[in-house]
Amino acid sequence: MPNYRSLGILPPKRHIHLEANGDSFLGENMYYEHLITTCGFDRAYSILYHKRPPTRNTKIERVGTTKIEEAPDVPLQHLHLKSGELGRGGDPISGRIPMMFNDDLVCWRCRPEKEQTELYRNGAADEVIFIQHGSGYFDTLFGKLPYQRGDYVIMPRTTTYRMVSDDIDREDHMILETFSSVRIPERYQNADGQMYLGVPYYERDFHGPTELNTVDEEVETTILIKDHERWTRVTMPHHPFDVVGWDGFSYPYTFNAWDFEPLTGTTHLPPPFQQTFEARGFVICTFAPRHLDHHPKAIKVPYVHSNVEADEVLFYVDGEFGSRKGVDLGSFTLHPGGIPHGPHPGTIMKSMDMAKTEEMAVMFDTDRKLYLTPQALELNDPHYPLSWMEEAQTV
Ligand SMILES: [Fe+2]
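Residues numbered from 1 in each chain as written. Predicted model: local features only at pLDDT ≥ 70, side-chain atom pairs only at ≥ 80, totals over all residues. Heavy atoms only, no water.

A. Representation of the sheet that holds strand S18 (residues 243–248) within the structure. Taking strand neighbours across the sheet as the criterion, the four strands line up as S1-S18-S3-S2 in an open arrangement whose pairing is antiparallel. Here the strands that pair on one side only, and so sit at the sheet edges, are strand S1 (5–8) and strand S2 (32–37). Neighbour-to-neighbour, the strand axes of the sheet open up by a mean angle of 15°, direction not taken into account. Note: strand S3 (residues 45–50) against S18, five bridges, orientation antiparallel. Note that in S18 the partner of Leu48 across the bridge is Trp246. (Pairing = 2+ DSSP bridges. Helix = DSSP H or I, 4+ residues; strand = E, 2+ residues; numbered from the N terminus. Axes fitted to C-alpha atoms, helices over the stretch in contact; angles between N-to-C directions.)

B. Region of interest: the nonpolar core. In terms of nonpolar packing, the biggest core is built from 55 residues, with Met100, Tyr152, Phe277, Phe332 and Phe364 touching the most fellow members. Phe101, Trp108, Tyr120 and Tyr161 belong to the second largest nonpolar core, which has 21 residues in total. (Core = buried A, V, L, I, M, F, W, Y, C linked by side-chain atoms within 4.5 Å. Buried < 20%, exposed > 50% of the residue type's maximum accessible area, 1.4 Å probe, protein only.)

C. Inspection of unusual backbone geometry at higher detail. Of note in this structure, His15 is not a glycine but carries a positive phi near 65°. Mapped onto the secondary structure, His15 falls in the loop between S1 and S2. With a relative accessible area of 53%, His15 lands in the exposed category. Non-glycine residue Asp73 carries a positive phi angle of around 60°. Along the chain, Asp73 turns up in the loop between strand S4 (59–65) and strand S5 (79–81).

Distances and angles like these do not, on their own, reveal function.
Given below as structure tokens:
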């Protein structure tokens, strides 16, 4: 988790009265403490103070189910999913289309066509919302969180939010819904909880909510809540963003992929050097613009490798990716465990004279097998699994 933050007013100790000074509700003359934890009570937590009890509901309705299905009859093969061609639809929540999944995560793409008007909360999973295109801010329980292109937006589970876009027609997202907490790798942090010198980012690269957006209104407000496949709408008699202060280590934050500081060796360094986040069953890596390997005979694109015990997904963000041909921005490639993959023919020689790459890609490597959805299969490039052979004949 990133470091300690606080906004607004707080009592001098936890679990004591925060006096409302006449700004009281229910005649109790105090604000209402609300603890939000991770891993039961064992890991990062925050304490928020509300003007009204956050437990007040007037109506609870079941509003649907999202079944995530497996596409039938997909052989073990490499895949290129042209998700940049996905049509626009829905809002930043309802417009999410599932691409692939396993027991640890669901990967979605979203190219919305209309603004999010209703508050939303994921009650069962953290969300990593990668901003392929777009800018604006998230209106959250913890305050206003600005975002821009290239941001990883980490939204801890149970954070109520609404995306407020500068221009909804430009928004384009890749979302990882993760069933364990998303964290900064422990090996990046010293025994005092500070990031080591020499790791690819540090505390100033992480941005939390900038200001509270306290709403003090007795106005019926609905929240759409997702927990796994189930959708529920709760109605509160007041606006839930009535927080006057909070502190702690668990809150929504952003990290921009272009702030990742890549390392280069004399020869190729493997993906653990690009690791950015970790969670149960997978890691997230950032392939950011960087100088290339500088041994005079260095092969500057990754060697062929069999990624045993991992399914490897790349999401292409910007620039031209040195080891691939014919892969579009906004696409995924999925290279499953059990079969080798590597640079397309011609890319090794092409890279020999290059000193730098401007490519930007996000990778997630999963311990467990990923299953493709029917929606993803519709975006599949059928030529990709054979493209090494086809390319070889023309180079
Ligand atoms: Fe790979």
